[in-house]
Structure formats: structure tokens, C-alpha cells
Amino acid sequence: MKQSDIDIDKQFVEMGLDSIVGVEWIQTINKTYSLHIPATKVYDYPSIRELARYMKRELEKQEKGTPLQKAIEQMPERVIAEQKPSKIYPLPMTAPVASKISKEVLGKELVVSFAQALYMKQSDIDIDKQFVEMGLDSIVGVEWIQTINKTYSLHIPATKVYDYPSIREL
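The present account deals with the structure reproduced in this document. The shown structure was predicted, so the numbers you read here are calculated from the model rather than taken from an experiment.

One way to put it is that helix α1 (residues 19–33) packs onto helix α6 (residues 138–152) with a least axis distance of 9 Å and a crossing angle of 35°. For the pair α1 and α6, contact is made by Ser 19, Ile 20, Val 23 and Gln 27 and by Ser 138, Ile 139, Val 142 and Gln 146, respectively.

Dropping the structure here:
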């Protein structure tokens, strides 16, 4: 799109943002500003103004005098003008990285993180049931794989949840 076609108060979905582009965009934002924003935040903060306000709060948590703080200072005030607050969800789990881990332990840890990603009880997770049957969608799938990659220092593409569609197979 042309920059002139962007309305900072218009909802992202009204401007054509889909789940895949949303995930890619948030990944770019996270990389650019050294943040860890879940892709689902485009639904909690569904316009540029709202997302910018949220990002400003996240960036303000960063150490003073860093390039991130300078980025905050350069954000146009018209974009971050105060408005009603949005709900905040917990961040994904982070677990210590293990150099060698058994399949059983890994399976149990994946059950825990998958349950957290879907806001489900661990007891409701069936390691042989397909992810999509338990409610995994493309956005949560990307975020969950990112969490796995970060936790275990891996580089698994998010598409692997379709190649290995259950916890046991993954």
C-alpha cells in the first residue's frame, strides 16, 4: 500500500491485514525495536495508533539512553495520544535450555507450552491429537514455534506444525 493510504485509526483488518502478514509484520517490529510482542497484539491493539501506544509502553520498560529509548522519543505524539487501555495477556513461557533432553521430558514440556499457548488445561492436551483439532491456528502456531525455538535454541520453521501435526510427531 501507499503510505498515504494508511489511516492510523483504521482497524488493521479493514486495511487488509491477514494473520500471516500480521505475524511477519510483528516479527519485523520485534526485530527492529528488540521487543517480544506476540503477533496476537494486532487484535488487542487493532490500529496503528493503539499499537504504537502499546509499543511505547513496552519500549519505556527498556533501559534509558539505549537506541530503543531514542526511538520512543522520535515517535510522533499524534500517533501515541492517550486513549482507553486494552487488555494485556501473559507472555509465552520460557524454560531453561537443555543440551540433552529425553523424548518423554520434551513431550511433557511441549504439552505445558502448548496448553499455555492455547490457554488450555494440560490435562486437555492429547499428544497424539492433531494440533488443529485442539484449536491451533496459524498465528498461535507461529508464536508457539517461536517460543520453542527460543526455549531450545532451535530454528524450526512454523510450517513444521503441519508436517509434524501432533506433539508426539513434533
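Looking now at the pattern of salt bridges. Scanning the entire structure with this criterion turns up four salt bridges. Of the charged contacts in the structure, one is a salt bridge between Arg 168 and Asp 128, with a shortest N-O distance of 2.5 Å. Of this pair, Arg 168 sits in the segment after α7 (160–163) while Asp 128 sits in the loop between α5 (103–118) and α6, and the two are 40 residues apart along the sequence. The residue Asp 163 makes a salt bridge to Lys 160 at a minimum N-O spacing of 3.4 Å. In this pair, Asp 163 and Lys 160 are both assigned in helix α7, three residues apart and thus about one turn of the helix distant.

Let us look at the packing of aromatic side chains. All told, the structure shown has five aromatic pairs when counted by the stated rule. The interplanar angle of 20° and the centroid separation of 4.5 Å between the aromatic rings of Tyr 45 and Tyr 54 together place this pair among those described as stacked. With 5.2 Å between their ring centres and 70° between their planes, Phe 131 and Trp 144 make a pair best called edge-to-face. Here the residue Phe 131 occupies a position in the loop between α5 and α6, and Trp 144 occupies one in helix α6, the gap between them amounting to 13 residues. Assigned by exposure class, Phe 131 and Trp 144 land together as buried. Connected via pairs of aromatic rings, a cluster forms that spans Phe 114, Phe 131 and Trp 144.

Now for the packing of α1 against helix α3 (residues 48–60). Where α1 contacts α3, the two axes come as close as 12 Å, and the packing angle between them is 35°. The handedness of the crossing between α1 and α3 is right-handed. Contact residues: α1 offers Trp 25, Ile 26, Ile 29 and Tyr 33, while α3 offers Leu 51, Met 55 and Leu 59. Looking at the contact of α1 with α3, its residues break down into seven nonpolar, no polar and no charged.

Turning next to unusual backbone geometry. One non-glycine residue, Tyr 119, adopts positive backbone phi at about 55°. Take Tyr 119: it is sitting in the loop between α5 and α6. Residue Tyr 119 is classed as exposed on the basis of its relative accessible area, which comes to 54%.

Conventions we followed
- Residue indices begin from 1 for each chain and proceed along its sequence in written order.
- Given that the model is predicted, a residue must reach a pLDDT of at least 70 before its local features are reported, and side-chain atom pairs must reach 80 or more before they are shown or counted; all residues, however, enter totals for whole chains, interfaces and linings.
- Calculation of side-chain values draws on the structure's entire complement of heavy atoms; hydrogens and water are dropped beforehand.
- Axis lines are fitted to C-alpha atoms, over the contacting stretch for helices. Their N-to-C directions set the angle, which ranges from 0 to 180 degrees.
- Numbering goes from the N terminus for both helices and strands, where a helix is a DSSP run of H or I of at least four residues and a strand is a run of E of at least two.
- Contacts between residues were defined by any pair of non-hydrogen atoms, one from each residue, lying within 4.5 Å.
- The term salt bridge refers to a side-chain nitrogen of Lys or Arg lying within 4 Å of a carboxyl oxygen of Asp or Glu.
- Pairs were defined over the aromatic rings of Phe, Tyr and Trp, the Trp ring being its six-membered one, requiring ring centres within 6.5 Å. Orientation was assigned from the angle between planes: stacked under 30 degrees, edge-to-face over 60, tilted for the rest.
- Each residue is assigned to one of three classes by its accessible area relative to the maximum for its type, calculated with a 1.4 Å probe on protein chains only: buried under 20%, partly exposed between the two thresholds, exposed over 50%.
- In this scheme the crossing of two helices becomes right-handed for a clockwise turn of the near helix relative to the far one and left-handed for an anticlockwise turn of less than a right angle.
- All residues other than Ala, Val, Leu, Ile, Met, Phe, Trp, Tyr, Cys, Pro, Asp, Glu, Lys and Arg, Gly among them, are scored as polar; the first ten of these are nonpolar and the last four charged.

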